[in-house]
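Fold and contact review
Each chain, letter by letter, is given below.
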Amino acid sequence: MEMDCYDFDSYRISLDNLRMLKLFHDEGVDVSSFRSFMSHVHHGCTETYDIFSKGIQMLFDCIFYDYDDIHRDDFPYPELKDKCSENIVIIKEQCFQILMGSALAKDLEEKIKNVEFIHSEATLTLLDDHYLLLDMTFMGMELSEVIEALVKLKEESEDLINKLKEYENDTKCEAGYSKSA
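First, a word on what this report is: a plain description of the structure on this page.

Attention now goes to the overall build of the protein. Counting its regular elements, the protein contains six helices and four strands. Along the protein, helices (α) and strands (β) appear in the sequence α-α-β-α-β-α-α-β-β-α when read from the amino end. Counting all 181 residues of the protein, 41% fall into the buried class. The long-range fraction of contacts in the protein, counting pairs at least 24 apart against all pairs at least 6 apart in sequence, stands at 62%. Taken as a whole, the protein presents about 11000 Å² of accessible surface, with 50% of it coming from carbon and sulfur.

This is how it looks when you write it as structure tokens:
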């Protein structure tokens, strides 16, 4: 049996869409209202865009900007207009902001710097306001890789916050013990 390149890419994209739905579902997102994961390259792969944008907005505290949004006069990050690709997501997740205001800020910065996308044209950058910038294009990408990396980064950040809380509690206990001794 032979398959042309368009059918092959359509199956590859559809499988990645299914993987995105699975990742969102595993993180507690109700995916029952999402579009079908089946896609065909001749129809523009709008399912991929819809699944990704809807899912990421349900999973993270974020704002999604497409090309038109980025180039509007009222875009809140004018310094990014000439530096960004087709789409950006500003992730305002509280765990990142907590860490950036703590002694573990360098650890988070290192984790963000080490995120590597193999099959995606995407980058992660920490903005001055401690929000995370996801800059990306959609064509030919495996967006499940992006979701997986963001979920992992969030989990690692929450682990760092727990370590920070343990350290602060230990420090308070030691300080309280030494004062009463």
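There's plenty left to go through after this.
This paragraph deals with helix 5 (residues 105-113). Residues A105, L108 and I112 constitute the buried set of helix 5. Take helix 5 and look down its axis: the buried residues cluster within an arc of 65°, on one side only. Residues of helix 5 that are exposed and angled more than 90 degrees away from the buried face: K106 and K113.

Tallied over the full model, the rule gives nine salt bridges. One salt bridge connects R19 with E148, and the closest N-O pair in it is separated by 2.8 Å. Placement of R19 in helix 1 (residues 5-26) and of E148 in helix 6 (residues 143-180) is noted, with a sequence separation of 129 residues between them. For R19, a relative accessible area of 34% corresponds to the partly exposed category. Among the residues examined, E148 registers a relative accessible area of 37% and is labelled partly exposed. With a closest N to O distance of 3.7 Å, E110 and K113 form a salt bridge.

Each value, and the rule that gives it
- For every chain, the first residue of the written sequence is number 1, and numbering continues from 1 onward in sequence order.
- It should be noted that, the model being predicted, local features are given only for residues of pLDDT at least 70 and side-chain atom pairs only at 80 or more, the latter also being counted only at that level, while totals for whole chains, interfaces and linings use all residues.
- Water and hydrogen atoms play no part in the side-chain values, which are based on all heavy atoms of the structure.
- In this description a helix means any DSSP run of H or I spanning at least four residues, a strand means any run of E spanning at least two, and both kinds are numbered starting from the N terminus.
- The cut-offs for exposure are 20% and 50% of the maximum accessible area for each residue type, with area from a 1.4 Å probe on protein chains only; residues under the lower value are buried, those over the upper are exposed, and the others partly exposed.
- When checking whether two residues touch, look at their non-hydrogen atoms; a contact exists if any pair is within 4.5 Å.
- Only the protein chains shown count as cover for residues, with accessible areas throughout obtained via the Shrake-Rupley method and a probe of 1.4 Å.
- What the arc describes is the spread of directions from the helix axis to the C-beta atoms.
- The working definition used for a salt bridge is a side-chain nitrogen of Lys or Arg within 4 Å of a carboxyl oxygen of Asp or Glu.

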